[in-house]
Amino acid sequence: VRPDISEKLFEPLFTFEIILALWISVGAAISSSWLRFPDMRGAGWLITMTMTLLAVFVVKSLVRTAVEVPFTSDFQFGHHCQNLSILFGVMPAIIVLFISIHGKTTRPILMSFMNTLSIGGMSYVAMRIVCLQDDMGHLCIYHILPYLFLGFIGAIVGRRIYRW
């Protein structure tokens, strides 16, 4: 845990970011569990809610990126955040995969996307609590990009994993 977590939790932007990522993750997990049923049993509003929260997160990140002038984070292979991203992402990915396989979805790509949001959201929160870097470049490269890559791979193999 980062040593300045008690100070960071009093910063409104940091707290908003953590709570928003948690809500995205929980909403995506619930949406994914409802996507196991072909008609979602009338819970389509969950996807709309999750996508709205994601849009707020993306806009907040874009504004923050535009405001922070020096985009100084350069990629370093073997950075400690890469290892933590894998650690924080693998276990939730296994759990979500096992839960998702037992259903019969008619929208495998959307289900893969919701699973990625669920895994990425929880892992992003864990990374923000552990990592001391608050630079937007670092957050994009090490905290967000690995889960976007995971989502891309999930969308490719989603039709084979989540099928009738």
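Structure first, text after, so check above.
Remember, it's a predicted structure, so these values are computed and weren't measured experimentally.

1. Things to note about the environment of S118
Relative to the elements of secondary structure, S118 occurs in helix α5 (residues 108–130). Classification of S118 by relative accessible area gives buried; the value is 8%. If sequence neighbours within four positions are ignored, S118 has contacts with S25, A28, A29 and V96.

2. Things to note about the layout of surface pockets
By volume, the largest pocket amounts to about 470 Å³. When residues of the lining of the largest pocket are traced back to their parent elements, those giving at least two are α2 (12–34), α3 (45–67), α5 and α6 (136–161). When residues of the lining of the largest pocket are assigned to their parent elements, the largest contribution, 9 residues, is made by α6. Classifying every residue of the lining of the largest pocket by side-chain character gives 17 nonpolar, 7 polar and no charged.

3. Topic: the packing of aromatic side chains
Under the defined criterion, the tally for this structure stands at 1 aromatic pair. Both rings, one in F57 and one in Y124, keep their centres 5.5 Å apart while their planes meet at 85 degrees; by these two values the pair is edge-to-face. Note that F57 is positioned in helix α3 and Y124 in helix α5, a separation of 67 residues in sequence. Y124 gets classed as buried once you look at its relative accessible area, which sits at 4%.

How each quantity is defined
- Residues numbered from 1 in each chain as written.
- Predicted model: local features only at pLDDT ≥ 70, side-chain atom pairs only at ≥ 80, totals over all residues.
- Heavy atoms only, no water.
- Helix = DSSP H or I, 4+ residues; strand = E, 2+ residues; numbered from the N terminus.
- Buried < 20%, exposed > 50% of the residue type's maximum accessible area, 1.4 Å probe, protein only.
- Contact = heavy atoms within 4.5 Å.
- 1 Å grid on protein atoms, 1.4 Å probe; cavity = no way out; pocket = protein on both sides within 12 Å on 5 of 7 lines; lining within 4 Å.
- Points joined across faces, edges and corners; volume = space filled by probe spheres on them.
- Nonpolar A, V, L, I, M, F, W, Y, C, P; charged D, E, K, R; others polar.
- Phe/Tyr/Trp six-rings, centres within 6.5 Å; stacked < 30°, edge-to-face > 60°.

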